[in-house]
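Structural features, examined
These are the residues of each chain, in order.
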Amino acid sequence: MAPRLIITGSTGYIGARLAALARERGFEVVELGRRSEAKWRIGDEPAASDLKGGAAVVHLAHSWATGPETAEENNINISGTVKLAEAAKAAGVLRFVFASSTSSRQEALNVYGRTKYRIEQHLAASFAAPIVRIARIGLVYGGPRAAMYGLMAKLSALSPLLPMIGLSRKVQPIHLDEVAAGLLTLATDESQLPQTFVLAQEKPISFAAWLRILRRSQGKGNLHFIPIPLTAALFACRMTKLLPLIPTVDPERVLGLAGAAPMESGESLRLLKLNLADPLVVLSAEFGQKSGEPSRNEAEALLHYLGAAPTEAQVQRLSEGLRREGLAPLGLSPTLIRHPRLLSLFEPPANQTQHRLARALYLADLASEPERQRRKKAGFFKAILTISSDVLLLPLRALFAGRYR
């Protein structure tokens, strides 16, 4: 008989991926909440038949209808979560996984962070405490462009000049698949003790760096910022609700960013056996799969730069190679794609073999090799000209090499 996993918020950004992963691994998934035909909503008394026989409950649902300072007994996120956890304990469920946030702290600027903190405190003091595992989840990215990730992807691609707060704040991204895997391990691994885990990259990066990764992954050029104060940002949030064609930004998200603080995640990742991927590599592959045209244009530009008149076979070989190595799209600017010879300014020194552009040029060389061997070899004077230009461009390459690292 398949083990039974109960998930609240199963149609949300994280919940949908977790439910799919659990089914792939042979679980019987019981979905609670959100659907129109749902038998349970947060705050309701759960039916014992829904919980009985469950290996675990993963609680992802969150209601946004409660005011910020609502008393504990009237805040359904708090009372509803405790009620669900205690009902699960009474029904014999072995583990209750509560999806919290890295913004969870008593003095958090946003309501969401303060509420998550209060829920954690109430769970620790509840009858259900022995089966509770808390997952503080970092900045989730990847998969469908939804929730906070979808908003940031849109904003970063909107313009090369972006007004923004909290550029020096540190964030800890984690891919949607990695979050789902971590939650499933917490729900099923008997060796994990009732405690708080942090699901997030071990090494924080600045919010500005994170936005640039999102923009580069979408094949866009560089991103510049206009730092703005928090009050102006909150005012701008209200304006986004009035202006068409601009993504609406919830002030709660801005306050969450303004109050962000890194958390130590190394021990949690080790316990859960999670080895998190490089966000730039993963996102480049995902955006490349969703939009093949930028990758194809870049493949043609790389081949032109190497002196080839690209054939369809060469472009296909190179596009496939770039995707396989997580290099598509590289993020070459439209100017470089139109004038591939300018790549000579950005080509890194020969010893930087792990440089993204160097790896892409190596693949381009391999992709063009079969046809190139049939062509006439370069003459002596052309070889001298090539060597001379390399020597003359060396200082500029040293200066610009970091652009497509």
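Residues numbered from 1 in each chain as written. Predicted model: local features only at pLDDT ≥ 70, side-chain atom pairs only at ≥ 80, totals over all residues. Heavy atoms only, no water.

On a plain count of helices and strands, the protein comes out with 16 helices and twelve strands. A burial count over the protein gives 50% of its 405 residues as buried. Contacts spanning at least 24 positions in sequence make up 78% of the contacts within the protein whose residues lie at least 6 apart. By element, 58% of the accessible surface of the protein is carried by carbon and sulfur atoms, the whole surface being about 19800 Å². (Helix = DSSP H or I, 4+ residues; strand = E, 2+ residues; numbered from the N terminus. Buried < 20%, exposed > 50% of the residue type's maximum accessible area, 1.4 Å probe, protein only. Contact = heavy atoms within 4.5 Å. Areas by Shrake-Rupley, 256 points an atom, 1.4 Å probe, with all protein chains shown as cover.)

Moving on, we come to the packing of aromatic side chains. Under the criterion given, the structure shown has two aromatic pairs. An angle of 15 degrees between the planes, with centres 6.4 Å apart, marks the rings of Y13 and Y149 as stacked. On the criterion of sequence distance, the pair formed by Y13 in helix α1 (residues 13-24) and Y149 in helix α5 (residues 147-158) is long-range, its members being 136 residues apart. The same class applies to Y13 as to Y149, namely buried. (Phe/Tyr/Trp six-rings, centres within 6.5 Å; stacked < 30°, edge-to-face > 60°.)

Below, the discussion takes up the pattern of salt bridges. Counted by the stated rule, this structure contains six salt bridges. A salt bridge links E31 to R23; its shortest N-O distance comes to 2.8 Å. On the accessibility criterion, R23 (43% relative accessible area) is partly exposed. Between E120 and R136 there is a salt bridge whose closest N-O contact spans 2.6 Å. Within this pair, whereas E120 is found in helix α4 (residues 111-124), its partner R136 is found in strand β5 (residues 132-137), the two being separated by 16 residues in sequence. Considered together, E120 and R136 belong to a single accessibility category, that of buried residues. (Salt bridge = Lys/Arg side-chain N within 4 Å of Asp/Glu carboxyl O.)

Right, let's talk about helix α6 (residues 176-188) for a bit. Helix length check: α6 (13 residues) gives 18 Å between terminal C-alpha atoms against 18 Å at 1.5 Å per residue, within 8%. Burial runs high along α6: eleven of the 13 residues are buried. Of the residues making up α6, those classed as buried are L176, E178, V179, A180, A181, G182, L183, L184, T185, L186 and A187. (Expected span 1.5 Å × (residues − 1).)

One finds L5, I14, I137, L183, W210 and L211 to be the most contacted residues of the largest nonpolar core, which totals 57 residues. At eight residues, the largest contribution of residues to this core is made by α6. Contact partners of I14, with chain neighbours within four places excluded, come to L60, I137, V140, L176, V179 and L183. Ranked by size, the runner-up nonpolar core spans 22 residues in total, among them V30, A85, I131 and V132. (Core = buried A, V, L, I, M, F, W, Y, C linked by side-chain atoms within 4.5 Å.)

Turning our eyes to something else, we now look at the packing of α1 against α6. Where α1 meets α6, the axes come as close as 9 Å, and the angle between the chain directions of the two elements is 60 degrees. Regarding α1 and α6, the two cross each other, and that crossing is right-handed. Contact residues: Y13, I14, R17, L18, L21 and A22 in α1; L176, D177, V179, A180, A181, L183 and L184 in α6. (Axes fitted to C-alpha atoms, helices over the stretch in contact; angles between N-to-C directions. Left-handed = near helix turned anticlockwise from the far one by under 90°.)

Here K116 shows up in helix α4. For the buried K116, no salt bridge exists, and the shortest N-O distance to an oppositely charged side chain is 8.0 Å, to E120. (Lys, Arg positive; Asp, Glu negative; His and termini not counted.)

So, on to the sheet that holds strand β10 (residues 196-199). Strand order across the open sheet formed by six strands is β2-β1-β3-β4-β5-β10, with parallel pairing between neighbours. Strands at the two margins of the open sheet, each flanked by one partner only, are β2 (28-32) and β10. Averaged over all neighbouring strand pairs, the angle between strand axes comes to 20 degrees, with direction disregarded. In this sheet, strand β4 (residues 95-101) lies alongside strand β3 (residues 54-59) in parallel orientation, the contact comprising four bridges. Along β4, the bridge assignment pairs V57 with F96. Where helix α3 (residues 76-90) meets the sheet, it contacts β1 (4-8), β3 and β4, and its direction lies at approximately 160 degrees from that of β4. (Pairing = 2+ DSSP bridges.)

Glancing now at helix α7 (residues 207-217). A large share of α7 lies buried, amounting to eight of its eleven residues. Immediately beyond the C-terminal end of α7, within one or two residues, lies G219, with a positive phi of roughly 75 degrees.

Quick look at the pairing of strand β7 (residues 161-164) now. Alternating residues of β7 divide into L162 and M164, all buried, and L161 and P163, none buried. Where β7 and strand β12 (residues 224-227) come together, four bridges link them in parallel fashion. Of the residues in β12, the one forming a bridge with L162 is F225.

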